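# Structural overview for review
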Amino acid sequence: MMGTYFDIAYMIKSFPTLLGMVHITLLVTIFSAIVGILLGAVIAILRIQKVPVVAPLLRVFISFMRGTPFLVQLFLAYFGVPEILAHIGISMKGVPPLAFVLAVFTLHMAAYGAEIMRSSILAVPVGEKEAAMSLGMTSFQMYRRVVLPQAFHMAMPALINTVIGVVKGTSLIFNVGVVDIMRKAELMAGNSQRSLELYVDVAIIYGILIFLIARFGRFLEKRQKGGRDIAELSEA
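Residues numbered from 1 in each chain as written. Predicted model: local features only at pLDDT ≥ 70, side-chain atom pairs only at ≥ 80, totals over all residues. Heavy atoms only, no water.

## So, the nonpolar core
- By size, the foremost hydrophobic cluster in this structure holds 56 residues, and its most contacted members are Leu18, Val101, Phe105, Met117, Ile121 and Ile173.
- Counting only elements with at least two residues in this core, the list comes to helix 2 (8-19), helix 3 (22-48), helix 5 (70-86), helix 6 (97-123), helix 8 (139-169), helix 9 (181-192) and helix 10 (195-235).
- Not counting the four nearest positions on each side in its chain, Ile173 is found in contact with Ile24, Val28, Leu74, Val101, Phe105, Val178 and Asp180.
- If you look at the next biggest cluster of nonpolar residues, it comprises seven residues, including Ile43, Ile62, Ala110 and Ala114. (Core = buried A, V, L, I, M, F, W, Y, C linked by side-chain atoms within 4.5 Å. Buried < 20%, exposed > 50% of the residue type's maximum accessible area, 1.4 Å probe, protein only. Helix = DSSP H or I, 4+ residues; strand = E, 2+ residues; numbered from the N terminus. Contact = heavy atoms within 4.5 Å.)

So, in structure tokens, the structure goes:
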């Protein structure tokens, strides 16, 4: 009976095929995480500095990206942006779907990262900022040498959780024509009529990815903590 409703042999056989598409998920996750976090840090600083015109626009951007679902953002970018640009004579027919996915996920990560980084930057003691300025540092040097290293350390757990959310969100990118793990499973299910086995494989792959990212996040936290402890001992 088990072989009728759930074919374990087919699940095991299909696993390597689905795993072969994991590079798309990793590309979207790694690119959007790195670029998005860096962009988020810049946005956070601009909001804290209350740059005229720019800061209010960034607040609207963050509210939109945090207040709308991934899928809506993907559809607006993939279907809406080319339609709007076509009316002003700009064609985006040659742009691959993956480019839209990378743009949306990066902006999504930047919006969440900006709020996380803003709260972390504000949590850095004012005295340390004043001490840095008194030593003759410019604002750029102060942020780069004093504020941002501490802010990233405090923000690490929340940023890792956001990255995990991005990994889960990649399960939606097949809706705009990107062949990833989910799309491959859907195509294989259409041919084999074995959806359950394939989606169990997909769940296992996503579970492994999220486990590895969580472990990597803990490693970074411990490394940062160890580095700060050594620095404090050397100062003492």
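Past the structure itself, the notes keep going.
## Focus: the side chain of Glu197
- By the secondary structure assignment, Glu197 is in helix 10.
- Apart from residues no more than four positions distant in its own chain, Glu197 is found in contact with Tyr5, Phe6, Asp7, Tyr10 and Met11.

## Some words on the pattern of salt bridges
- Applying the stated criterion across every chain, the model contains four salt bridges.
- When the shortest N-O distance is used, the salt bridge between Glu115 and Arg47 registers 2.6 Å. Of this pair, Glu115 sits in helix 6 while Arg47 sits in helix 3; the two residues are 68 residues apart in sequence, bridging distant segments of the chain.
- Since its relative accessible area comes to 21%, Glu115 is described here as partly exposed.
- Put simply, Glu115 and Arg118 hold a salt bridge, and the shortest N to O gap is 3.5 Å. Residue Glu115 and its partner Arg118 are located together in helix 6, separated by three residues, close to a single helical turn. (Salt bridge = Lys/Arg side-chain N within 4 Å of Asp/Glu carboxyl O.)

## Details of the packing of aromatic side chains
- For the structure shown, the criterion picks out four aromatic pairs.
- Relative to Phe105, the ring of Phe70 has its centre 4.6 Å away and its plane inclined at 15°; by these criteria the two rings are stacked. Of this pair, Phe70 sits in helix 5 while Phe105 is found in helix 6, placing the two residues 35 residues apart along the sequence.
- Judged by centre distance (4.9 Å) and plane angle (80°), the ring pair of Tyr78 and Phe79 falls under edge-to-face.
- Aromatic rings pair up to connect Phe75, Tyr78, Phe79 and Phe100 into one cluster. (Phe/Tyr/Trp six-rings, centres within 6.5 Å; stacked < 30°, edge-to-face > 60°.)

## Digging into a nonpolar patch on the surface
- Together, Leu26, Leu27, Ile30, Phe31, Ile34, Val35 and Leu38 make up a nonpolar patch on the protein surface, roughly 590 Å² of accessible area in all.
- Take Phe31: it is sitting in helix 3. (Patch = residues over 30% accessible without salt bridge, like charges linked within 9 Å, V, L, I, M, F, W, Y side chains within 5 Å. Areas by Shrake-Rupley, 256 points an atom, 1.4 Å probe, with all protein chains shown as cover.)

## Digging into the confidence of the model for the chain
- Per-residue pLDDT for the chain has a mean of 88; in total, 93% of the residues score no lower than 70.
- Below pLDDT 50 for its whole length, residues 229-236 participates in zero contacts with residues either more than four positions away or in separate chains. (pLDDT = per-residue confidence, 0-100.)

## Remarks on helix 4 (residues 54-67)
- Between its terminal C-alpha atoms helix 4 stretches 20 Å, which fits the 20 Å expected from 14 residues at 1.5 Å a residue.
- Listed in full, the buried residues belonging to helix 4 are Ala55, Leu58, Ile62 and Met65. When helix 4 is viewed along its axis, its buried side chains cluster within an angular range of 90° and face the same direction. Across helix 4 from its buried face, at more than 90 degrees, point the exposed residues Leu57, Val60 and Gly67.
- Packing partners of the buried residues in helix 4 comprise helix 3, helix 5 and helix 6. (Expected span 1.5 Å × (residues − 1). Arc of directions from axis to C-beta.)

## Describing the side chain of His108
- Among the secondary structure elements, His108 is positioned in helix 6.
- Taking relative accessible area as the criterion, His108 reaches 7% and is therefore assigned buried.
- Not counting chain neighbours up to four residues away, the residues in contact with His108 comprise Met65, Phe70 and Gln73.

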